[in-house]
Amino acid sequence: MILRAAMSTIVDGKLIADKIKEQLKLRISKYTHLNVKPTLAVIMVGDRKDSETYVRMKKQAAEQLGINFLLYKHDTTISQQQLLNEIDNLNNDNDVDGIIVQMPVPNHIDKRQIISHISVNKDVDGFHGLNIGNLALEGHEPLFIPCTPRGVMEILKHYNVQVKGKHVVVLGKSNIVGLPMSLMLLNELATVTVCHSETVDEEKITRTADILISAVGKPHLVKADWVKDGAVVIDIGINPIIDSTKKTGYRIVGDVDFEEVKKKTSLITPVPGGVGVMTVCMLMSATVESFERKIRNKT
Ligand code: GUN
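This structure is a prediction, so every number in the text was calculated from the model and none was measured.

Caption draft 1: Local environment of the overall build of the protein chain. Counting its regular elements, the protein chain contains 10 helices and 11 strands. Radius of gyration (C-alpha) of the protein chain: 20 Å, near the 19 Å computed for a compact globule of 299 residues. Along the first, second and third principal axes, the C-alpha atoms of the protein chain reach 70 × 40 × 40 Å. Summarising the internal contacts of the protein chain: among those between residues at least 6 apart in sequence, 70% fall at separations of at least 24. When the accessible surface of the protein chain is totalled, it reaches about 15,600 Å², and 52% of it is carbon and sulfur.

Below is the structure:
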């Protein structure tokens, strides 16, 4: 008898994002008679290719939904004080519902001060210490939660992946992804193990994961023998690698060796087309929520 492994479900991030975007469009359309729209302000410093790509994706999504998109693009010579002043202006502008500073910023910029300067009510990235703090504290509700882990939770929900009681291994402990991802999973009563650069025998730990989430930024780090049969694998990595067959000279791959790993999983996210599209969609959701909250608080 030949035993064949069941085919893994390949997550379609665009499909989920498109559904959510349709709902967002409806919510936005409720306010057209008042002639008001949600507004997202994006501050970008420098001209990193990856940041330009992300900002372009955010702009396209916003325009597609009817969200005003304000881009403040600066040379790397901008000072800390100039950035703080710009954030002050946006904080005080009642028409602006969301403010993000595209990361990373140049080394002379103190990103912690920049993030904590954004009004907690407009922190649609969910990076402000108060929002992260409230995410961590039982019984507290953050106004916003970081978009990438939120997108992962939406994917798990869409495919009915139970988190409660499962062993989830998160690779990476960054403020933007790994840490808030772990907090959200804990809040859903998963048993969470977080691995990082000093973790010993990482692959031994990943082999015990019911759900493995990688947010490390190392191309093809996660191999098939790191993964338990039937596991769910979520790949948050977005890594450019040289590819001379491409016009651009590179292509984007995840942290997971997708072709090999997918033979063992029950569900896996591809890169691109998995988590990335959801991140942008969640940013749009957060902007619409902020806009709706503003209107509710006015009336
Ligand atoms: N850089 C990489 N991911 C993100 C993100 O979600 N938000 C911001 N502001 N910068 C990023």
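What follows continues from the structure just given.
Caption draft 2: Summary view of the site of the ligand. Contacts to the ligand come from Lys58, Val101, Gln102, Met103, Asp125 and Phe127. Note that a nitrogen atom of the ligand is positioned 2.8 Å from one of the backbone N or O atoms of Val101. Between Asp125 and the ligand, the recorded distance is 2.6 Å, taken from a side-chain N or O atom to a nitrogen atom. Residues that form the shell around the ligand fall into these classes: three nonpolar, one polar and two charged.

Caption draft 3: Layout of the environment of Cys147. Take Cys147: it is sitting in helix α6 (residues 147–158). As for Cys147 and Lys30, which are separated by 117 residues in sequence, their C-alpha atoms are 24 Å apart. In this structure Cys147 touches Val124, Asp125, Thr279, Met282 and Leu283, once residues within four positions along its chain are discounted.

Caption draft 4: Representation of the packing of aromatic side chains within the structure. A full pass over the atoms with the stated rule returns one aromatic pair. Ring centres of Tyr31 and Phe291 lie 5.1 Å apart, and the angle between their planes is 80°; on these two criteria the pair is classed as edge-to-face. Here the residue Tyr31 occupies a position in the loop between α1 (13–29) and β2 (39–45), and Phe291 occupies one in helix α10 (residues 275–298), the gap between them amounting to 260 residues. Across the pair, exposure class does not vary: Tyr31 and Phe291 are buried alike. Residue placement shows Arg293 over the ring face of Phe144; its charged tip is 4.9 Å from the ring centre.

Caption draft 5: Fine view of the environment of Ser51. Summarising the element assignment, Ser51 is placed in helix α2 (residues 49–65). Given the relative accessible area of 3%, Ser51 is considered buried. Sequence separation between Ser51 and Glu292 is 241 residues; the distance between their C-alpha atoms is 28 Å. Sequence-distant contacts of Ser51, defined by excluding residues within four places in its chain, comprise Met44, Gln102, Met103 and Pro104.

Caption draft 6: The sheet that holds strand β1 (residues 9–10), seen in detail. Reading across the sheet, the six strands line up as β1-β11-β8-β7-β5-β6 and stay open at both edges, with parallel pairing between neighbours. Since the sheet does not close on itself, it has two edges, and those belong to β1 and β6 (191–195), each with one partner. One ladder, built from four bridges, connects strand β5 (residues 167–171) with strand β7 (residues 211–214); its direction is parallel. Counterpart to Val168 in the pairing with β7 is Ile211. Strands in contact with helix α7 (residues 178–187) are β5, β6 and β7; relative to β5, the strand with the most contacts, it is inclined by about 170°.

Caption draft 7: Inspection of the pairing of β5 at higher detail. Counting buried residues along β5, five of its five residues qualify, which places the element largely inside the surrounding structure. Of the pairings in the sheet, the one linking β5 to β6 comprises five bridges and is parallel in character. Its bridge partner lying in β6, Leu171 is registered against Cys195. Regarding the hand of the β-α-β motif, the stretch spanning β5, α7 and β6 is right-handed.

Caption draft 8: Spotlight on the side chain of Ser285. Along the polypeptide, Ser285 turns up in helix α10. Take Ser285: its relative accessible area is 5%, and that puts it in the buried class. Not counting residues up to four positions away in its chain, the partners in contact with Ser285 are Ile20, Leu24 and Arg150.

Caption draft 9: Molecular detail of the pattern of salt bridges. Here the structure, examined in full by the defined rule, presents 15 salt bridges. Note that Glu63 and Lys59 form a salt bridge whose closest N and O atoms lie 3.3 Å from each other. Of this pair, Glu63 and Lys59 both sit in helix α2, four residues apart, which is roughly one turn of the helix. Take Glu63: its relative accessible area is 49%, and that puts it in the partly exposed class. A relative accessible area of 35% means that Lys59 is categorised as partly exposed. Through salt bridges with shared partners, a single network forms among Lys49, Glu52 and Lys73.

Scoring rules and cut-offs
- Residues numbered from 1 in each chain as written.
- Predicted model: local features only at pLDDT ≥ 70, side-chain atom pairs only at ≥ 80, totals over all residues.
- Heavy atoms only, no water.
- Helix = DSSP H or I, 4+ residues; strand = E, 2+ residues; numbered from the N terminus.
- Rg over C-alpha atoms; globule rule 2.2 N^0.38 Å.
- Contact = heavy atoms within 4.5 Å.
- Areas by Shrake-Rupley, 256 points an atom, 1.4 Å probe, with all protein chains shown as cover.
- Near = heavy atom within 4 Å.
- Polar contact = N/O pair within 3.5 Å; in protein donor to acceptor, adjacent residues only side chain to side chain.
- Nonpolar A, V, L, I, M, F, W, Y, C, P; charged D, E, K, R; others polar.
- Phe/Tyr/Trp six-rings, centres within 6.5 Å; stacked < 30°, edge-to-face > 60°.
- Buried < 20%, exposed > 50% of the residue type's maximum accessible area, 1.4 Å probe, protein only.
- Lys NZ or Arg CZ within 6 Å of the ring centre and 35° of its normal.
- Pairing = 2+ DSSP bridges.
- Axes fitted to C-alpha atoms, helices over the stretch in contact; angles between N-to-C directions.
- Right-handed = clockwise from strand over helix to strand, strands pointing away.
- Salt bridge = Lys/Arg side-chain N within 4 Å of Asp/Glu carboxyl O.

Note that every value here comes from positions in space, so none of it alone points to a role or purpose.
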